[in-house]
Structure formats: C-alpha cells, structure tokens
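These are the residues of each chain, in order.
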Amino acid sequence: MIPSIINHLHFDRADISFWKKFRLFFTVGIVVLLLGCIKTAIHYYGFEFLELNRLLTSGIGGAIFIIGFLLSSILADYKETERIPADIRTAIEAIDGDLESFAAQNPNFDLIECRAILIGVIDRLRRGLDHAKSHKDIPPALDEIAKLTPIFGCLEGMGMAANFVVRLRTTQDVIRRAMLRIYHIQRVEFVPSVHVLVQTLVLSIVAMLLFLKTEGDPASAIMFGFITYMFVYALYLVRLLEQPFAKGHGSVDDVSFFLLDELETKLRDAVGQNADPHPARPSEV
C-alpha cells in the first residue's frame, strides 16, 4: 500500500537522485532550524516585544498574496523558457534535413562539416550555461552559429534553389534568436525591484515572527517553523527561477536539455566521433 502511494507521488523517479530533488528542501530546512534556535534564544532572554494582533496577521496574509502573485509571473516566464530547447532542436533538425537532401544530390557538398558545426552549437551552448561559466557565456555558441552563414552563401552557386537558401537562413535566425533569448534571460535580472520587494517582505515577516510574543509551547514552535519555511523557501525559489538555464548547479529546477542531448547523440552517430572536431561531452551525473 505505502509503495503504491509513493509511486503515485513520483518520489522515486530514476533519473533524479533523492538528494538533488530535495536539495532546496534541506537547504531551507537548515535555515529554518537556525532561525528556530535564534527564536528560542530571544524567547529565553525575554526579548519578545510584539503582541499578536489583527494588523500583524493581515500583514502576513498580504505578504503571502504579493509573493504568490510575483511567483505566478515568474513561473509564466519559466514556462516560456521551457519551449526554447524544442525550438532549437526543431530548427537544427530542419537545417540538417535540408542539407542532407542537398548532399545526396551534390557529392561535392561537405555535409560532415555542417553537422560538426551543428554539434558545436549544442556543445558550446551547454558549456556556456555550465556553472564554471557563470551560466551566461553564450557568445561562443553565437559564433558557432555564424559559421553557417558563409556555407549558406555558397549553396545557391552549387545548385540549391533560392527559396531553400532563404529557408535555411530563416531557420538559422530562429536558432540565433533562441540563443539571444537565453543570453538575455541569464544576464538580466527579472525586474530587480520585484526581488527587492520579495526580499524585504520576507526579512520583515521573519523579523516580526522572531520578536513576536509566544507561549513557548510546541504549537507555537510548529507554527513558527511552518511560516518561516514558507517564506524562506519562496525567497530561494525566486532566486532559482530567475536563471532557468543554470546548468551544473546541483538543482533540478533548470530547464531540461534532454531534447538537445538526444539530437547531439544522433548527429554524432551520423558523422562519427573521428569526424567531429569538438571533444565529446562528459557523461552527466
């Protein structure tokens, strides 16, 4: 019975370790425990001076509403970013398919070089979003995309119809636009004033709870832990969602690149490792 319930709650996904999935939970839990210790010391030494009244409870309710509203806006942007890997894969596969058809009729065309460039685009994007690159080193990926421009410029002279060349250039622009969108998201903070508002609200509520007069019973401790956990978790969540492409940071909240991983494997199999000028990426843990 219990294993069945756990399976329905999706706690046992094989592709995500328990620690990675609950990393933020444990991090926030440690912060809440520290705040609980501070609250205990304040209560023990009699530094509590705030009385529980309707104004305080109304302030907490208003803060919950504002933070929930802001989180809903950030989550809407996060859902938009989840479509970017699919757009990139669609565009790369469209370019690869058109060039493969053209190469079948023109043996002089170097399809392996083009596929190596497409592999390089994915590889540079992944490396640029890694923790070692501060999750925002996208210019190398843009430079890799630019390598396709002179190749496309020669296709019409090699016999490709002009409308197909235009299609390839348009698809190239789709990839470039997606890269620039990622670059903008990772470098620019989403409405800095929003983050200041959330941070000040959380700090103010936690400070009021610390100096709020309590009876020191288990019920008060549980309510203090619950409310501080909710606010501190929201604070960490806003920080995580503002950079949805933060790879290699030990989080499972970043946008998945499994579509691009599958495409890269497919392209590498097509050209062979010996024909690829870029080193194979290390296996993901």
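Since we're looking at a predicted model, the values are computed, not measured. (Residues numbered from 1 in each chain as written. Predicted model: local features only at pLDDT ≥ 70, side-chain atom pairs only at ≥ 80, totals over all residues. Heavy atoms only, no water.)

With that out of the way, let us pick up the nonpolar core. If you look at the biggest cluster of nonpolar residues, it comprises 71 residues, and the most contacted ones within it are I88, L99, F109, L125, L155 and M179. Ignoring any residue separated from it by four or fewer positions in sequence, one finds L99 in contact with F109, L111, C114, F152, L155 and L168. (Core = buried A, V, L, I, M, F, W, Y, C linked by side-chain atoms within 4.5 Å. Buried < 20%, exposed > 50% of the residue type's maximum accessible area, 1.4 Å probe, protein only. Contact = heavy atoms within 4.5 Å.)

Here the focus is the confidence of the model for the protein. Interpretation of this model should avoid reading the predicted coordinates in detail wherever pLDDT is low. Residues of the protein with pLDDT of at least 70 account for 85%, and the chain-wide mean is 83. Low pLDDT, under 50, characterises residues 8-14; the predicted model gives this stretch 7 contacts beyond four residues in sequence or across chains. Confidence drops under pLDDT 50 across residues 273-285; counting only partners more than four residues distant or on other chains, this segment forms 25 contacts. (pLDDT = per-residue confidence, 0-100.)

Moving on, we come to helix α11 (residues 218-241). In an α-helix, one turn spans 3.6 residues, which is why side chains three or four residues apart end up on the same side. The end-to-end C-alpha distance of α11, which contains 24 residues, comes to 34 Å, matching closely the 34 Å that a straight helix rising 1.5 Å per residue would cover. Those residues of α11 lying buried are F224, G225, I227, T228, F231, V232, A234, V238, L240 and L241. Next to the buried residues of α11 lie α3 (23-44), α4 (54-81) and α10 (192-210). (Helix = DSSP H or I, 4+ residues; strand = E, 2+ residues; numbered from the N terminus. Expected span 1.5 Å × (residues − 1).)

Next up on the list: the pattern of salt bridges. In total, this model carries 17 salt bridges according to the counting rule given. Of the charged contacts, one joins E144 and K147 as a salt bridge, the two residues approaching to 3.3 Å between their closest N and O atoms. A residue is classified by how much of its surface remains accessible, and K147, at 42% relative accessible area, is partly exposed. Taken together, the shared-partner salt bridges in this structure form one network comprising R89, E93, E262 and K266. (Salt bridge = Lys/Arg side-chain N within 4 Å of Asp/Glu carboxyl O.)

Another aspect to go through is the side chain of R89. Looking at the secondary structure, you find R89 in helix α5 (residues 84-105). Of note is the side chain of R89, whose polar atom sits 3.0 Å from the backbone oxygen of L259. The residues touching R89, leaving out its near neighbours within four places in the chain, are L259, L260, E262 and L263. (Polar contact = N/O pair within 3.5 Å; in protein donor to acceptor, adjacent residues only side chain to side chain.)

In this fold, Y44 is placed in helix α3. Of the residues examined, Y44 reaches a relative accessible area of 67% and is grouped as exposed. Y44 sits 172 residues away from G216 along the chain, and the two C-alpha atoms are 8.9 Å apart.

In this section: the UniProt feature "transmembrane region" (unreviewed entry) in the protein. Mapped onto the present numbering, the UniProt feature "transmembrane region" (unreviewed entry) falls at residues 22-44, 56-76, 190-212 and 218-238. The annotated region residues 22-44 carries 96% helix and 0% strand content, and the separation between its end C-alpha atoms amounts to 32 Å. With 100% helix and 0% strand, residues 56-76 has its two end C-alpha atoms placed 31 Å apart. (UniProt positions renumbered as here; feature names shortened; annotations may be inferred.)

Turning to the layout of surface pockets, a few remarks are in order. In this structure, the second largest pocket encloses a volume near 470 Å³. As for the second largest pocket, its lining consists of 21 residues, of which K39, T214, S220, A221 and F224 are closest to the centre. Counting residues per element, the ones that place at least two in the lining of the second largest pocket are α3, α4 and α11. Taken together, the residues of the lining of the second largest pocket sort by class into 9 nonpolar, 8 polar and 4 charged. (1 Å grid on protein atoms, 1.4 Å probe; cavity = no way out; pocket = protein on both sides within 12 Å on 5 of 7 lines; lining within 4 Å. Points joined across faces, edges and corners; volume = space filled by probe spheres on them. Nonpolar A, V, L, I, M, F, W, Y, C, P; charged D, E, K, R; others polar.)

At a closest axis distance of 13 Å, the pairing of α5 and helix α8 (residues 148-155) adopts a crossing angle of 40°. Considering the angle they form, α5 stands oblique to α8. Helix-helix and strand crossings are classified by hand; for α5 and α8 the assignment is left-handed. On α8, the residues touching I95, L99 and F102 of α5 are L148, F152 and L155. (Axes fitted to C-alpha atoms, helices over the stretch in contact; angles between N-to-C directions. Parallel < 35°, antiparallel > 145°, perpendicular 65-115°, else oblique. Left-handed = near helix turned anticlockwise from the far one by under 90°.)

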